[in-house]
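Analysis of the macromolecular model
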Number of protein chains: 2
Amino acid sequence: MISSELLKGSLKTIVLKLLEENGRMYGYEITRRVEEITKGKIVLTYGALYPVLHKLEKEGVLHVESENYNNRMRIYYSLTSKGRSVVKEKVQEMTEFLKSIRFIIDPEFKISYE
Amino acid sequence: MISSELLKGSLKTIVLKLLEENGRMYGYEITRRVEEITKGKIVLTYGALYPVLHKLEKEGVLHVESENYNNRMRIYYSLTSKGRSVVKEKVQEMTEFLKSIRFIIDPEFKISYE
DNA sequence: TGTAATATATAAGAATCTTAAATATAATAA
DNA sequence: TTATTATATTTAAGATTCTTATATATTACA
């Protein structure tokens with residue numbers, strides 16, 4: 001499993017991108033999906049995820065709908081129009097970051113890339 | 001330029017990898033090199049870099065030599081034997097992280113990869 | 001003579017994440 | 001039937017990391 005240290009800073013981007021792909025999701029579902037996609041390598045903790053969801057809602061990036069499913073509360077999140085533009089910026093930035101890190105981590109990559 | 005938020009957690013790995021590649025470097029040189037490699041996209045601040053170097057020294061990961069160059073103090077850092085094994089772990093972890101993030105950020109990548 | 005570049009240090013504060021505990025229901029296994 | 005696992009969210013305390021700002025000092029260049 002990937003140490004949480006590396007995860008710092010990328011949580012928001014992960015959440016927003018998943019919402020862009022899937023339309024709407026609830027918190028628990030997001031953690032499950034991330035584990036599934038990364039084969040257990042990235043595990044989001046609830047203590048990190050839920051506060052981020054609340055913050056993104058306050059910022060007008062996410063829209064919220066509470067629903068009851070089998071007597072269990074589910075709070076669905078989806079992107080607002082602001083959210084759809086924020087996710088594009090975040091993904092662009094992440095892509096630049098991935099490329100930059102690869103230049104450092106894997107110098108061979110840089111040579112073959114240029 | 002890449003927001004510092006994304007950088008959180010990867011600073012140590014960047015520093016250690018540069019030292020693995022270059023043998024020994026001083027702090028200021030590390031910031032210059034990172035800017036050069038990433039074409040200014042990643043900029044390390046001194047307030048983040050120097051404390052990390054001190055910490056890695058305390059942990060026995062870095063070896064330190066002070067030298068005087070043109071009446072200017074330079075503190076050279078290089079990997080200890082422990083450092084050489086730590087950098088391998090860190091790079092391995094970073095590689096897994098990059099791959100996992102790409103699975104999320106760029107779902108097309110996942111399809112073509114599997 | 002002044003400004004930019006070189007070179008390191010560190011304190012105060014902000015932001016983010018971890019850990020842990022709390023709450024509650026449904027489903028499954030023993 | 002009872003215990004455990006899975007589902008679902010919340011939030012507080014503490015740790016960690018990074019930013020911002022300030023301090024110090026020399027060399028190079030305009």
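Everything below is about the structure printed above this text.
This text gives an overview of the structure that appears in the document. Predicted model, so just to flag it, every value in this text is computed and none were measured. (Residues numbered from 1 in each chain as written. Chains lettered and ligands numbered in written order. Predicted model: local features only at pLDDT ≥ 70, side-chain atom pairs only at ≥ 80, totals over all residues. Heavy atoms only, no water.)

**Some details on unusual backbone geometry**
The phi angle of most residues is negative, glycine excepted, and most peptide bonds adopt the trans form. Residue and element names in this part refer to chain B. Selection rule: Under the scheme used here, helices are H or I runs from DSSP no shorter than 4 residues and strands are E runs no shorter than 2 residues, and both carry numbers assigned from the N terminus.
Although it is not a glycine, Asn70 sits at a positive phi angle of roughly 55°. Relative to the assigned elements, Asn70 resides in the loop between β2 (62-69) and β3 (72-79). At Asn71, a residue that is not glycine, the phi angle is positive and equals roughly 60°. For Asn71, the position within the fold is in the loop between β2 and β3.

**Details of the relation of the copies chain B and chain A**
To be explicit about the condition: The atoms used to superpose the copies are C-alpha atoms, taken from residues with pLDDT of at least 70 in both, and the fit is least squares. Note on contacts: a residue pair qualifies if any of its non-hydrogen atoms lie within 4.5 Å across the two residues.
Between chain B and chain A, which share one sequence, the superposing operator has a rotation angle of 180° and an axial displacement of 0.0 Å; the RMSD is 0.0 Å. Such values leave the two copies arranged in the relation of a two-fold axis. No C-alpha of chain B lies nearer the rotation axis than that of B:Lys8, which sits 2.9 Å from it. Mapped onto chain A, 100% of the interface residues of chain B again fall at the interface, so both copies present the same surface.

**Some thoughts on the packing of helix α2 (residues 11-22) of chain A against helix α4 (residues 46-58) of chain A**
Residue and element names in this part refer to chain A. To keep things clear, this is the line we draw: Note on definitions: angles span 0 to 180 degrees between N-to-C directions of axes, and those axes are lines fitted to C-alpha atoms, for helices only across the stretch in contact. Orientation is classified from the angle alone, with under 35 degrees giving roughly parallel, over 145 giving roughly antiparallel, 65 to 115 giving roughly perpendicular, and any other angle giving oblique. Left-handed describes a crossing in which the near helix is turned anticlockwise from the far one by less than a right angle; the clockwise case is right-handed. By the convention adopted, Pro, Cys, Tyr, Trp, Phe, Met, Ile, Leu, Val and Ala count as nonpolar, Lys, Arg, Asp and Glu as charged, and the other residues, Gly among them, as polar.
At a closest axis distance of 11 Å, the pairing of α2 and α4 adopts a crossing angle of 70°. Taken together, α2 and α4 sit at an angle that is classed as roughly perpendicular. At the point where α2 passes α4, the crossing takes the right-handed sense. Residue-level inspection shows Leu11, Lys12, Val15 and Leu16 of α2 in contact with α4, the latter providing Ala48, Leu49, Val52, Leu53, Lys55 and Leu56. Across the contact of α2 with α4, the residue classes tally to eight nonpolar, no polar and two charged.

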